[in-house]
Amino acid sequence: MPATPFLGKDLVGLAPLDGTQIRAILDTAEQFKEISERAIKKVPVLRGKTIVNLFFEASTRTRISFEFAEKRLSADTVNITSSGSSVQKGETLVDTARNLEAMRIDMVVIRHPSSGAASFLADRIPSNVVNAGDGRHEHPTQALLDLLTIRDHLGRIEGVKVCIIGDILHSRVARSNLWGLMRLGAEVAVCGPHTLLPAAIEELGVTVFPHIEDAIAWADALNVLRLQLERMHAGFVPSLREYNRVFGVTRERVERAARDLVILHPGPMNRGVEIDSDVADGPHSVILDQVTNGVAVRMAVLYLLAGGVPERAEAAKHEG
Amino acid sequence: MDGAERQLLMDERDVTRALARMAREIVERNRGVGALSLVGIQRRGVQLAARIADEIERAEGQRPPVGTLDITLYRDDLTTIGPRPVLGETRLPDGGIDGRAIVIVDDVCYTGRTVRAALDELADFGRPARILLCVLVDRGGRELPIHPDITGRAVDAANLQRVEVLVPEIDGKLAVELITAAGTR
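Okay, so let's go over this structure. (Residues numbered from 1 in each chain as written. Chains lettered and ligands numbered in written order. Predicted model: local features only at pLDDT ≥ 70, side-chain atom pairs only at ≥ 80, totals over all residues.)

## A closer look at the pairing of strand β5 (residues 130-138) of chain B
Residues and elements named next belong to chain B.
- Alignment of strand β4 (residues 101-109) against β5, held across eight bridges, turns out to be parallel. Within the sheet, the bridge partner assigned to Ala 101 lies in β5 and is Arg 130.
- Handedness of the crossover joining β4 and β5 through helix α4 (residues 113-125) is recorded here as right-handed.
- Pairing geometry for β5 and strand β6 (residues 150-154), over four bridges, is parallel. Bridging across to β6, Asp 138 finds its partner in Ala 154. (Pairing = 2+ DSSP bridges. Helix = DSSP H or I, 4+ residues; strand = E, 2+ residues; numbered from the N terminus. Right-handed = clockwise from strand over helix to strand, strands pointing away.)

## Examining the sheet that holds strand β7 (residues 207-209) of chain A
Residue and element names in this part refer to chain A.
- If you walk across this open sheet you meet the five strands as β7-β6-β5-β8-β9, and the pairing is parallel. In this open sheet, the two strands that pair with only one neighbour each are β7 and β9 (262-264). Each strand of the sheet is rotated relative to its neighbour by a mean of 25°, with strand direction disregarded.
- With three bridges joining them, strand β6 (residues 187-191) and β7 adopt parallel strand pairing. Residue pairing in the sheet places Ala 189 in a bridge with Thr 207 of β7.
- With respect to the sheet, helix α5 (residues 140-154) is in contact with β5 (161-165), β8 (221-224) and β9, its orientation differing from that of β9 by roughly 165°. (Axes fitted to C-alpha atoms, helices over the stretch in contact; angles between N-to-C directions. Contact = placed C-beta atoms within 7 Å.)

## A short note on the nonpolar core
- The biggest cluster of nonpolar side chains holds 145 residues, and the ones touching the most others in it are Ile165(A), Leu222(A) and Ile52(B).
- Other than its neighbours up to four places away in sequence, Ile165(A) contacts Cys191(A), Gly192(A), Ile212(A), Ala215(A), Leu222(A), Asn223(A), Val224(A), Leu225(A), Phe247(A) and Val249(A). (Core = buried A, V, L, I, M, F, W, Y, C linked by C-beta atoms within 7 Å. Buried ≥ 20, exposed ≤ 12 C-beta atoms within 10 Å, placed from the backbone.)

## Some thoughts on the packing of helix α1 (residues 19-32) of chain A against α5(A)
Residue and element names in this part refer to chain A.
- Packing of α1 against α5 leaves a shortest axis separation of 10 Å and a crossing angle of 70°. In terms of axis orientation, α1 runs roughly perpendicular to α5. In this structure, the crossing between α1 and α5 has a hand that is right-handed. Between α1 and α5, the contacting residues are Ile 25, Leu 26 and Ala 29 on the first element and Leu 144, Leu 147, Leu 148 and Arg 151 on the second.
- For the contact of α1 with α5, the per-class residue count stands at six nonpolar, no polar and one charged. (Parallel < 35°, antiparallel > 145°, perpendicular 65-115°, else oblique. Left-handed = near helix turned anticlockwise from the far one by under 90°. Nonpolar A, V, L, I, M, F, W, Y, C, P; charged D, E, K, R; others polar.)

This is the structure:
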């Protein structure tokens, strides 16, 4: 009888996870942080496992972060990007994956421009699938590292007031953050131009702030999203300068905040658009801590997906 | 507990006496406290290492540095037992391990696989001058050529029996129990 793995076979998003699972990932990541501080940054736990990083969309931070996580767990890794692979010759996603399967791989980390690509793949191959961002759907490891960073700086997530600022409509980071924050009992708000907020988002129990000054006065933590400039030709905002004037996280606005703010940004930043350099490099910014935590969170996810039977693991304590 | 039988092997005074003797043996073998560091294996080796350090301090007036080691990531059976979702802390003793006399402290020595993993993990951190193995209970049943240098008590336990070391910080008392599951006697 196959036991139920702790996280299931795949990590497609945070929506299907409960608070216990999310907390377990964060607690595991907490212990993995220390490995990256060692002189020999490597543990043998995934030795002999082959992981394919399948990136159909540009990425620096996420891809490298996954790759560090994999290597620090001693896995063997292969990177595939859409340019320079058979994808350019018209191969379908499933065919690419099946061919990889035929070479006996254990895990696939996938980034894809289409929402649902990760779960589509997860349903069709026996390997573990980790979603590294699919269209507008979810980017679960980004949200997990945001949660870990908030917990590091504020000591908890339950009851913390977090406002996500910017382009909520197109953002998989926002969506994964919403699920994760709500599962762990945070109070969540969003702030941004009406054209970039999903319709009826209030029905999820999310507060909407039309004015950024009110959002900053309310929040303990701000998660400032990247304005996705590549989509701005569709006329969602009149101009970048106007966006910065109305919704930009500027030093003046942050200094007027009632309490110490924690300011997150998933990167890459558009300095002077959604966030000013003074803030990004200022005392409230935890942006580089997010990057550090990203490696630990991804190590935790890969580790938990690799085996994942905590009940039987419990018995192992008495061996030895 | 579903008809399992628990038999007391060592009570609090037995354990305390054994730890005191083990502390003396450690110091004697090392010829003093100089260059000595203890490393407790998660979870209950950690509390035992702290108690041994207390004893050494009481006798010698100097407390050796104490660290903790979680060997979960170095186990050789991840795919058969699956990972533990909550890992314990790994923290080297102050002063590191290079050139030190390291004493690995664990509660029970059984198959030897935990110790094998601990040796691998220590080797990734540096090069101790020497490593000693110190366990409260040696229950036999080794699957690897590993033998404790300092033992609190040797117990002959059958395969299906379990030896449990209880510490106040986790279990509310200090004792060693032999557990025989129902129907295996």
